[in-house]
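A closer look at the structure
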Amino acid sequence: MASLLNSVPSIKLSNFSNNNPLRSSQISSPFCLSLSRRRLVVRATETDKEVKAQAPDKAPAAGGSSINQILGIKGAKQETDKWKIRVQLTKPVTWPPLVWGVVCGAAASGNFHWTPEDVAKSVVCMLMSGPFLTGYTQTINDWYDREIDAINEPYRPIPSGAISGQEVINQIWVLLLGGLGLAGILDVWAGHDFPTIFYLALGGSLLSYIYSAPPLKLKQNGWIGNFALGASYISLPWWAGQALFGTLTPDIIVLTLLYSVAGLGIAIVNDFKSIEGDRAMGLQSLPVAFGSEAAKWICVGAIDITQISVAGYLLGAGKPYYALALLGLIAPQVFFQFKYFLKDPVKYDVKYQASAQPFLILGLLVTALATSH
């Protein structure tokens, strides 16, 4: 945590502000595109190198979707409203898996009841896991990915200059401290002698930092980085929800970490759209390291084999109906993998995730209910 607290505020910017947007049309360094002859130099102490950062004001596609902008996904409308840009940086489209993880943890505890107090506790836990800590994770990731985004998506808020560097840093701190504050409140509310939820939130925040930031930058390694991402999206919110209403047990920790291998597969889906920038910046994402064709099969294999293994675990634990329900939810995922993802992971990534992932998260709930009985 000391590394986190000492590193983020130490970032220094030179002439990176709203009044002087980044503009360019030609890449002359890993973080430089040029549309005019005006140039702006950004010095980032975490890389110890001079970075020329220019990007066009507008996305290459004519127009864009306001919904995509708010959700923080590609095809977004260019926006000048600072609050909308701030929301975009938190990528609300990534919140639902964390919110669902809290639901699964509460269900697995066996102690959640539909009382106003329990519902209020779960809502606060969802706010901590989703808007605050996931928002923090996504914002800090965009900050440290600004050089890659200048190549892959130069119209995103940070490389385009739609939001200043200092505003981004402020947002990172507000979301981080807000999330940790909510975690502390939940521990008091649950009557914990040991602040379990606070330490889960702190550990997850530190993991998010080292995932994105140098010198460790876990995302540089496709295996380690994607597993860390999968654990953050599946295991940590589940643990928080279960700790809020019950007790974490070793078998649940192992089971959810196994499920995080499926999260690794989901994370790979997002790597295909960034191959060009990842290769240019030396990041060994799995599509870069193994090629698109092999990475596609690694991705679907991680998702499917993990769930089949969990179904086998449930069957061995004497819960055949839950195991069959989980297998039934795997079948449509395989169908959509062949229909969309395996055909073209870049063109159909959004369609695939929208079609297949609801069945995966329902499978998580089936597993949670099975472990609660």
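Residues numbered from 1 in each chain as written. Predicted model: local features only at pLDDT ≥ 70, side-chain atom pairs only at ≥ 80, totals over all residues. Heavy atoms only, no water.

For the chain, the name recorded in an unreviewed UniProt entry is Chlorophyll synthase, chloroplastic, with Nicotiana tabacum as its organism. Of the chain, the UniProt comment under Sequence similarities (unreviewed entry) reads exactly: "Belongs to the UbiA prenyltransferase family. Chlorophyll synthase subfamily." Quoted verbatim from the Subcellular location (unreviewed entry) field of UniProt, the annotation for the chain is "Plastid, Chloroplast membrane". (UniProt positions renumbered as here; feature names shortened; annotations may be inferred.)

Within this structure, the stated rule accounts for eight salt bridges. In this structure, Lys219 engages Asp145 in a salt bridge whose closest nitrogen and oxygen atoms are separated by 2.5 Å. Highlighted residues: Lys219 in the loop between helix H9 (196–212) and helix H10 (222–245) and Asp145 in the loop between helix H5 (116–144) and helix H6 (146–152), separated in sequence by 74 residues. In this structure, Lys219 and Asp145 share a single accessibility class: buried. Residue Glu293 is joined to Lys296 by a salt bridge in which the shortest nitrogen-to-oxygen separation is 3.2 Å. A residue pair is termed a helical-turn pair when its members lie 3 or 4 positions apart in one helix, as Glu293 and Lys296 do in helix H14 (residues 292–316) at three residues. (Salt bridge = Lys/Arg side-chain N within 4 Å of Asp/Glu carboxyl O. Helix = DSSP H or I, 4+ residues; strand = E, 2+ residues; numbered from the N terminus. Buried < 20%, exposed > 50% of the residue type's maximum accessible area, 1.4 Å probe, protein only.)

Attention now moves to unusual backbone geometry. Cis rather than trans, the peptide bond between Pro214 and Pro215 has omega equal to 10 degrees. Inspection of the secondary structure puts Pro215 in the loop between H9 and H10. For Lys217, which is not glycine, the phi torsion reads 40 degrees and is therefore positive. Along the chain, Lys217 turns up in the loop between H9 and H10.

Here we take up the environment of Ile172. Looking at where Ile172 falls in the secondary structure, it is placed in helix H8 (residues 165–190). A residue is classified by how much of its surface remains accessible, and Ile172, at 1% relative accessible area, is buried. With 29 residues separating them along the chain, Ile172 and Trp143 place their C-alpha atoms 9.3 Å apart.

What follows deals with the packing of helix H11 (residues 250–269) against H14. It is at 7 Å that the axes of H11 and H14 come closest, and there the two elements cross at 155 degrees. By the angle class used here, H11 and H14 are roughly antiparallel. Judged by the twist between their axes, the crossing of H11 over H14 is left-handed. Here H11 contributes Asp251, Leu255, Leu258, Tyr259, Val261, Ala262, Leu264, Gly265, Ile266, Ile268 and Val269 to the contact with H14, which in turn contributes Ala295, Ile298, Cys299, Ala302, Ile303, Thr306, Gln307, Ser309, Val310 and Tyr313. A breakdown of the residues in the contact of H11 with H14 according to their chemical character gives 16 nonpolar, four polar and one charged. (Axes fitted to C-alpha atoms, helices over the stretch in contact; angles between N-to-C directions. Parallel < 35°, antiparallel > 145°, perpendicular 65-115°, else oblique. Left-handed = near helix turned anticlockwise from the far one by under 90°. Contact = heavy atoms within 4.5 Å. Nonpolar A, V, L, I, M, F, W, Y, C, P; charged D, E, K, R; others polar.)

The terminal C-alpha atoms of H14 lie 36 Å apart, and with 25 residues this matches the ideal 36 Å at 1.5 Å per residue to within 8%. Looking one or two places after H14, you find Gly318, whose phi comes out positive at around 80 degrees. (Expected span 1.5 Å × (residues − 1).)

This part is about the packing of aromatic side chains. Under the definition given, this model contains 13 aromatic pairs. Between Tyr340 and Tyr348 the ring centres are 5.6 Å apart and the planes differ by 45 degrees, which places this aromatic pair in the tilted class. By relative accessible area, which is 14% here, Tyr340 ends up buried. Ring pairs connect the aromatic residues Phe335, Phe336, Tyr340, Tyr348 and Phe359, which therefore count as one cluster. (Phe/Tyr/Trp six-rings, centres within 6.5 Å; stacked < 30°, edge-to-face > 60°.)

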